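Understanding the architecture of this molecule
Here's the letter readout for the chains.
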Protein chains: 2
Amino acid sequence: MPYRHDIDGCLAGTIGEHGLAESELDATLAAAAPALDDLHRWHDDGSLPVLRLPARRDDLGELEAVAAGLRGRCDHVLVLGTGGSSLGGQTLYALVDRGFGPPAGTPHLVFLDNVDPDTFAALDAAVDWGRTGVIVISKSGTTAETLTQFLTLVPPLIAAGGEAALKERVVAITEPGPRALRQMAERWALPVLDHDPLVGGRFSVLSLVGLLPALVAGLDAAAVRAGAGEVLDATLHASDPCDSAPALGAAVSIGLARQRGAGTTVLLPYVDRLGFFGLWYRQLWAESLGKDGHGTTPVRAMGTVDQHSQLQLYLAGPRDKMFTVLMSAAAGTGDTVPPDLAGDPALGGKLDYLAGRTMGDLLDAEQRATADTLIRNQRPTRVMAVERVDEATLGALMMHFMLETIVAARILGVDAFDQPAVEEGKVLARQYLDEMAS
Amino acid sequence: MPYRHDIDGCLAGTIGEHGLAESELDATLAAAAPALDDLHRWHDDGSLPVLRLPARRDDLGELEAVAAGLRGRCDHVLVLGTGGSSLGGQTLYALVDRGFGPPAGTPHLVFLDNVDPDTFAALDAAVDWGRTGVIVISKSGTTAETLTQFLTLVPPLIAAGGEAALKERVVAITEPGPRALRQMAERWALPVLDHDPLVGGRFSVLSLVGLLPALVAGLDAAAVRAGAGEVLDATLHASDPCDSAPALGAAVSIGLARQRGAGTTVLLPYVDRLGFFGLWYRQLWAESLGKDGHGTTPVRAMGTVDQHSQLQLYLAGPRDKMFTVLMSAAAGTGDTVPPDLAGDPALGGKLDYLAGRTMGDLLDAEQRATADTLIRNQRPTRVMAVERVDEATLGALMMHFMLETIVAARILGVDAFDQPAVEEGKVLARQYLDEMAS
């Protein structure tokens, strides 16, 4: 498996009364069994396409051709979309851009998931519209934010290169049928790629929604799917499916929420490339489970900065949380702290312990120390560990959490795939817009 | 006041049984009164310097001189530090950089708050070390992450410009006394600025810790302090101090936590420039209150993206949260959705409601719709609204939340200014490092 999954720190055997007893875990796992039957059935009959995506390669050639066109013509590629149309792509793109731009020769992807006029004004000053591409993603084809973004960007794009350039540098992704986005795209004969209606936004990262931006950034989309496939296969073919990591993770999470009041679940990765992963996970977990009064609140933390921000609360605040520390192998990597500097006699030995250690040594020590400290303080803590952070590991972690979420929904008795509550706000926003117009 | 503060959506009069009754609010406010006495005393005797910082201007000349030196010599300025040494500066810097770089002519500030070797390798490829400056911030002068960052960056800096260049482009901030960082700085005769020992990291944004990076980015540091001062004065001079916004905010938060089980507090800003503000607030609130089993969990959300990620959970999940929607005036600003495009007859009227509206109209409608939808669903919701987002408003909001946090700590009976629980993890990390060395 591409990751290690260790739930011992969530169990009473390790952390005492604040952990889950074996009997409680077993009872919750039993409730998970029907979910694993569902997964088998949905996989075999194709009714849940996200389970078929890991094995697909047939669509990647066309996607790479589109991506190569954008790569060649663009210095910036704006990815317009919000929620599930954005977070998966951002998570993969974080493999190449740590916040200060991608490597030379790679287009700078800018994910625009808000409708902030100030940001768009800054963007206007920052990009060359003659070398800027757009990927506009809306599953329904009517998302107000995304269509507003797109429609306000059409004039500068046309001004810089005419309608022909628009056609060469804009790609739309939406469902088949007479969707507004598709109908708009037809006006300029823009290429439109199909969003599978059966792949919900928060489960779409393995589809073109996540993989087209990844390919533009030069990432290996097949490796993302291969990593996801490894986890899916291991889950579907486990001799006792309840022993699979996603089922165990779901049972621990829901068990701790029900039996120990852990209404918050903190995901704490340690490397910067996994920083966005926490935001992607946050939507997946919250929107899939948060209904009928159920669900737990996902919190995205980040080592090492949150040791200096949130750890005090985590260790000494209310016992209402579980933690997932997402470690990656780091010892021995990175630059060495120069021994002559850290060991300078003028420092009186204060920094001797850093002399000759690498930056990765420190990261490694800190992630282990945080997990161990949480466990010593009887705070329920799961450890997930990867040897490297790349396309395959990200694909594996994403499939893990998609399966864990689906299993958790079944244990809770909610529909993992809908989001009925958000409609009211959309209707109200439209009403307020209408009032401004009148 | 530079912001509007409306707690009606948290009260039983508006949202029924899930809100706080007037009598409960009054009882909690009564417990806040001693905190307001404390603030008066600490302000008058100078024992809490953060309350004196808003009125200070005498230190800004020296800071601007240092900032101007860095601005002139550097294309990139790396800000090394973590937790309170980083989040305030990042929050202010977000006024000029929305994630794709600052305006032309302004140095690109890169805040490094992790010890991730991969990020530092990417940095090495991205910057010209002959045009890169460093601000290294550690209050104690011994923060392992910050000193490791700094010590591993010394060799490339020296390689690019010799020790003389180091002296011209590196500034250290630490407490007076024989601190390791200060002693190291003396080796190369680097400028060292004093971190006030009585200003804790999470309360340091109005000191040089937050303002030096802001000045390097060309921001108006005096305006930050002036905005903070307006809120401080209004609180100290309120006819009934318990009616001041920070006291009301603290009483509502703690009241809802105690009486209605709202163990999570969600801060939901809508403009990108306030995105980092949520991370700064998160440390302030969590680390100040999270002790002795007390504290509530701060969650940083972001409109509009979290409407498509977290709102389902917020509206239909467990009733364990309160919300602060941080609005800013946006109607009428930004580009207009071209009427000929949105009103294209081919779209069958689907987008007519967007035609002629500005992007800011949509943002405005969405932030109001989200707040109103939360309230209609009887979810306790406070609204804070600003007319603009600039240095003065940020200073005002920061002072509001610092005061609210200090008052909340007094109601809970915890010390707002310590963080005793994090020591254990530091000791353990050092032990693991020692084991690697042996």
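Residues numbered from 1 in each chain as written. Chains lettered and ligands numbered in written order. Predicted model: local features only at pLDDT ≥ 70, side-chain atom pairs only at ≥ 80, totals over all residues.

**Brief notes about the interface of chain A and chain B**
Residue-level contacts link 108 residues of chain A with 109 residues of chain B. Of the residues forming the side of chain A that touches chain B, the biggest block, 12 residues, is contributed by helix α14 (residues 359–376) of chain A. Class assignment of the residues belonging to the side of chain A that touches chain B gives a composition of 50 nonpolar, 34 polar and 24 charged. (Contact = placed C-beta atoms within 7 Å. Helix = DSSP H or I, 4+ residues; strand = E, 2+ residues; numbered from the N terminus. Nonpolar A, V, L, I, M, F, W, Y, C, P; charged D, E, K, R; others polar.)

**Overview of helix α16 (residues 423–437) of chain B**
Spacing of three or four residues puts side chains on the same side of an α-helix, whose turn is 3.6 residues. Taking 1.5 Å of rise per residue, 15 residues should cover 21 Å, and α16 of chain B covers 22 Å from first to last C-alpha, within 8% of that figure. Three or more residues of α16 of chain B are buried, namely Gly425, Ala429 and Leu433 of chain B. Along the long axis of α16 of chain B, the arc covered by the buried residues comes to 80°, so they all point the same way. Residues of α16 of chain B that are exposed and point more than 90 degrees away from the buried face comprise Glu423, Val427 and Glu435 of chain B. Looking at the buried positions of α16 of chain B, the neighbouring elements they touch are α12 (311–316) and α14 of chain A. (Expected span 1.5 Å × (residues − 1). Buried ≥ 20, exposed ≤ 12 C-beta atoms within 10 Å, placed from the backbone. Arc of directions from axis to C-beta.)

**Observations concerning the confidence of the model for chain A**
Low pLDDT marks regions whose predicted coordinates should not be analysed in detail. Scored by pLDDT, chain A comes out at a mean of 96, with 100% of its residues at no less than 70. With pTM at 0.98, the complex prediction returns an ipTM value of 0.97. (pLDDT = per-residue confidence, 0-100.)

**Thoughts on the sheet that holds strand β5 (residues 170–174) of chain B**
All names here are of chain B. What the five strands build is an open sheet, ordered β3-β2-β4-β5-β6; its pairing is parallel. The sheet terminates laterally at β3 (108–112) and β6 (192–194), the two strands that pair on one side only. Adjacent strand axes in the sheet meet at a mean angle of 20° when their direction is disregarded. Two elements, β5 and β6, share three bridges in a ladder whose sense is parallel. (Pairing = 2+ DSSP bridges. Axes fitted to C-alpha atoms, helices over the stretch in contact; angles between N-to-C directions.)

**A few points about the relation of the copies chain A and chain B**
Note on the identical chains: chain A maps onto chain B by a rotation of 180° and an axial translation of 0.0 Å, with an RMSD of 0.0 Å. On this basis, the relationship between the two copies can be described by a two-fold rotation axis. Residue by residue, 100% of the interface of chain A is reproduced at the interface of chain B, so both copies engage with the same surface. (Least-squares fit on C-alpha atoms with pLDDT ≥ 70 in both.)

**Concerning the packing of helix α10 (residues 245–260) of chain B against helix α15 (residues 391–412) of chain B**
Residues and elements named next belong to chain B. One way to put it is that α10 packs onto α15 with a least axis distance of 8 Å and a crossing angle of 50°. The orientation of α10 with respect to α15, classified from their angle, is oblique. The hand of the α10/α15 crossing is right-handed. Facing α10, whose interface residues are Ala245, Pro246, Ala247, Gly249, Ala250, Ser253 and Ile254, α15 presents His400, Leu403, Glu404, Val407, Ala408, Ile411 and Leu412. Looking at the contact of α10 with α15 residue by residue, the classes come out as 10 nonpolar, three polar and one charged. (Parallel < 35°, antiparallel > 145°, perpendicular 65-115°, else oblique. Left-handed = near helix turned anticlockwise from the far one by under 90°.)

**Side note on the domain arrangement of chain A**
Residues and elements named next belong to chain A. When the domains of chain A are assigned, the result is domain 1 (4–41 + 224–420) and domain 2 (53–222). Distance between the C-alpha centres of domain 1 and domain 2: 30 Å. Among the secondary structure elements, those contributing two or more residues to the side of domain 1 that touches domain 2 are α9 (221–236), α11 (275–289) and α15 (391–412). Examining the composition of the side of domain 1 that touches domain 2, we find that nine residues originate from one element, α11, more than from any other. Classifying every residue of the side of domain 1 that touches domain 2 by side-chain character gives 14 nonpolar, four polar and six charged. (Domains from an automatic or database assignment.)

**Focus: the pairing of strand β5 (residues 170–174) of chain A**
Residues and elements named next belong to chain A. Among the five residues that make up β5, five are buried, leaving the element largely enclosed by the rest of the structure. Across four bridges, the pairing between strand β4 (residues 132–137) and β5 is parallel. What sits directly across from valine 134, in β5, is valine 170. Once you follow β4 into helix α6 (residues 144–169) and on to β5, the crossover reads as right-handed. In the classification by handedness, the crossover that spans β5, the intervening helix α7 (residues 180–187) and the parallel strand β6 (residues 192–194) is right-handed. (Right-handed = clockwise from strand over helix to strand, strands pointing away.)

**Re the packing of helix α3 (residues 60–73) of chain B against helix α8 (residues 208–216) of chain B**
All names here are of chain B. Taken N-terminus to C-terminus, the directions of α3 and α8 make an angle of 45°; their axes are 8 Å apart at the nearest point. Classified by the angle their axes make, α3 and α8 are oblique. Taken as a pair, α3 and α8 cross one another with a handedness that is right-handed. Here Leu63, Glu64, Val66, Ala67, Leu70 and Arg71 of α3 come into contact with α8, specifically with Leu208, Leu211, Leu212, Leu215 and Val216.

**Quick notes on the sheet that holds strand β9 (residues 321–328) of chain B**
The strands making up a sheet associate through hydrogen bonds between their backbones, and the pairing can be parallel or antiparallel. Residue and element names in this part refer to chain B. In spatial order, the strands read β1-β10-β9-β7-β8; together these five strands make up an open sheet with mixed pairing. In this open sheet, the two strands that pair with only one neighbour each are β1 (4–6) and β8 (297–300). On average, each strand axis in the sheet is inclined to that of its neighbour by 15°, with strand direction left out of account. By the bridge criterion, four bridges tie strand β7 (residues 264–269) to β8 in an arrangement that is parallel. Pairing of leucine 267 across the sheet is with arginine 300, part of β8. The sheet contacts of helix α11 (residues 275–289) involve β7 and β8, and relative to β8 the element is tilted by about 175°.

**Points about unusual backbone geometry**
Each neighbour pair has its own omega, and for glycine 303 of chain A with threonine 304 of chain A the value is -5°, a cis peptide bond. In the Ramachandran plot, alanine 189 of chain B falls in the positive-phi region, its phi being about 55° despite a non-glycine side chain. For alanine 189 of chain B, a count of 11 C-beta atoms within 10 Å puts it in the exposed group. Residue glutamine 378 of chain B is not a glycine yet carries a positive backbone phi of 55°. Inspection of the secondary structure puts glutamine 378 of chain B in the loop between α14 (359–376) and β10 (381–386). For glutamine 378 of chain B, a count of 16 C-beta atoms within 10 Å translates into the label partly exposed.

**Here's the deal with the pairing of strand β4 (residues 132–137) of chain B**
All names here are of chain B. Burial analysis of β4 places six of its six residues in the buried class, which makes it a mostly covered element. Residue alternation in β4 divides its side chains into two sets, Thr132, Val134 and Val136 and Gly133, Ile135 and Ile137, and both sets are buried. Pairing geometry for strand β2 (residues 76–80) and β4, over five bridges, is parallel. Across the sheet, the residue bridging to valine 77 is glycine 133, located in β4.

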